[in-house]
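As a plain string of letters, each chain reads:
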Amino acid sequence: MPRKQPTRKRVTREKPLAEYKRKRDFSKTAEPAGEPVKRGSRRKLHFVVQKHAASHLHFDFRLELDGVMKSWAVPKGPSYDPSVKRLAMEVEDHPMEYNTFEGTIPKGQYGGGTVMLWDRGTYEAEDGGGEESLRDGYERGDLKIVLHGERLQGGWVLVRIRRNEGGRRQWLLIKHRDEMATSKFDVVATVDTSVKSGRTMDEIATRRGRVWQSNRYGGDEEPAATRRKKPAAASPKKRAAPRRRRATRSTS
Ligand code: MN
């Protein structure tokens with residue numbers, strides 16, 4: 001069957017983050033406008049997973065590459081079971097500033113709904129080849145990575161399978177068979193709190209009782225002095241560590 005549409009212009013040929021910016025009205029959403037970040041090649045690369053209750057609940061899986069966050073919407077979220085293949089629809093690159101975003105995108109705005117920072121950490125190429133290997137894997141549609149998150153750890157692969165009608169690339173997110181793999185632990189069902197604030201989706205959506213539409217406090221964040229203590233049950237790890245106001249993105 002002939003393709004319905006001509007080869008789509010690759011969004012990556014545009015200015016970085018052009019599509020991201022086109023879709024959003026930053027006078028109405030507290031999401032960061034953001035610019036690509038230039039950094040030394042030796043620095044560790046970050047990943048985040050954001051749980052997003054938009055029109056359909058999904059998990060946004062984001063991997064830092066070349067100063068932006070490559071992004072996939074994973075409707076069912078990641079699985080630790082290597083026999084489970086999770087559909088991951090590639091979406092527009094996001095700015096790295098998005099990595100600390102948690103809060104509510106106003107109704108009527110692009111992606112309107114509650115966003116929880118569900119996991120964060122660093123990641124690397126499985127073969128140890130650094131960003132060059134990751135870039136190559138991304139282009140080939142066979143991206144093998146090792147995650148060092150609080151909820152997600154170990155080897156994973158993103159395999160590109162096809163484009164959908166809109167020209168969006170579809171991938172599968174699959175756990176590698178390693179010591180972290182298990183079919184006994186449903187991580188998205190079990191872990192339902194923010195890795196950043198310990199809040200549930202409902203707490204993010206309602207407890208604050210408001211939608212931040214300005215950047216005054218940076219997304220949904222409150223001033224440090226009034227920030228509620230995190231519930232002890234949220235995550236046993238790193239609970240006591242004082243958090244910086246914003247993740248540092250300069251050098252380390
Ligand atoms: Mn999303």
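Further up the page is the structure itself.
What counts, and where the lines are drawn
- Residues numbered from 1 in each chain as written.
- Predicted model: local features only at pLDDT ≥ 70, side-chain atom pairs only at ≥ 80, totals over all residues.
- Helix = DSSP H or I, 4+ residues; strand = E, 2+ residues; numbered from the N terminus.
- Buried ≥ 20, exposed ≤ 12 C-beta atoms within 10 Å, placed from the backbone.
- Core = buried A, V, L, I, M, F, W, Y, C linked by C-beta atoms within 7 Å.
- Contact = placed C-beta atoms within 7 Å.
- Pairing = 2+ DSSP bridges.

Remarks on the overall build of the protein
Point 1. Across its full length, the protein carries 4 helices and 9 strands.
Point 2. When the elements of the protein are put in sequence order from the N terminus, they spell out α-β-β-β-β-β-β-α-β-β-β-α-α.
Point 3. Among the 252 residues that make up the protein, the fraction classed as buried is 31%.

Topic: the nonpolar core
Point 1. Of all hydrophobic cores here, the largest spans 35 residues; its most connected members are Phe61, Ala88 and Leu173.
Point 2. Elements represented by at least two residues in this core include exactly β1 (45–53), β2 (57–65), β3 (68–74), β4 (85–95), β6 (113–125), β7 (142–149), β8 (153–163) and β9 (169–175).
Point 3. When residues of this core are assigned to their parent elements, the largest contribution, 5 residues, is made by β6.
Point 4. Excluding its chain neighbours within four sequence positions, the residues that come into contact with Leu173 are Phe61, Val74, Pro78, Arg86, Ala88, Trp156 and Leu158.

Here we look at the pairing of β1
When a strand is regular, its side chains alternate between the sheet's two faces.
Point 1. Where β1 meets β6, 9 bridges bridge the pair, whose relative direction is antiparallel. Each bridged residue has a counterpart across the sheet, and for Gln50 the counterpart in β6 is Leu117.
Point 2. Here β1 pairs with β2 via 7 bridges, running antiparallel. From the neighbouring strand, Ala53 faces β2, where its bridge partner is Leu57.
Point 3. The hairpin formed by β1 and β2 contains 3 residues between the paired strands.

Quick look at unusual backbone geometry
Only a minority of non-glycine residues have a phi that is not negative, and only a minority of peptide bonds are not trans.
Point 1. One non-glycine residue, Leu17, adopts positive backbone phi at about 70°.
Point 2. By secondary structure assignment, the location of Leu17 is in the segment before α1 (18–22).
Point 3. On the neighbour-count criterion, Leu17 (21 C-beta atoms within 10 Å) is buried.
Point 4. Here Asp66, not a glycine, exhibits a phi torsion of approximately 55°, which is positive.
Point 5. Under the C-beta neighbour-count criterion, Asp66 is labelled partly exposed, with 17 such atoms within 10 Å.

Considering the environment of Leu134
Point 1. Relative to the helices and strands, Leu134 resides in helix α2 (residues 130–140).
Point 2. According to the C-beta neighbour criterion, Leu134 is buried, with 24 such atoms within 10 Å.
Point 3. The sequence separation of Leu134 and Ile145 amounts to 11 residues, and the corresponding C-alpha distance is 7.9 Å.
Point 4. Other than its neighbours up to four places away in sequence, Leu134 contacts Leu65, Ala125 and Leu143.

Digging into the environment of Lys107
Point 1. Looking at where Lys107 falls in the secondary structure, it is placed in the loop between β5 (103–105) and β6.
Point 2. What makes Lys107 exposed here is the crowd of 8 C-beta atoms within 10 Å.
Point 3. Along the chain, Lys107 and Thr29 lie 78 residues apart, while their C-alpha atoms are 9.5 Å from each other.

As for the pairing of β3
Point 1. Most of β3 sits inside the fold, with 6 of its 7 residues counted as buried.
Point 2. Here 7 bridges tie β2 to β3, and the two strands are oriented antiparallel to one another. Paired with Phe59 across the two strands is Val74, which belongs to β3.
Point 3. Remark: 2 residues form the turn of the hairpin made by β2 and β3, two consecutive strands paired antiparallel; Asp66 in that turn has positive phi of roughly 55°.
Point 4. Where β3 meets β4, 5 bridges bridge the pair, whose relative direction is antiparallel. The residue bridging Ser71 from the neighbouring strand is Val91, located in β4.

Digging into the environment of Asp25
Point 1. Position of Asp25 among the secondary structure elements: in the loop between α1 and β1.
Point 2. Take Asp25: there are 12 C-beta atoms within 10 Å of it, and that puts it in the exposed class.

Keep in mind that these numbers describe shape and distance, not what the molecule does.
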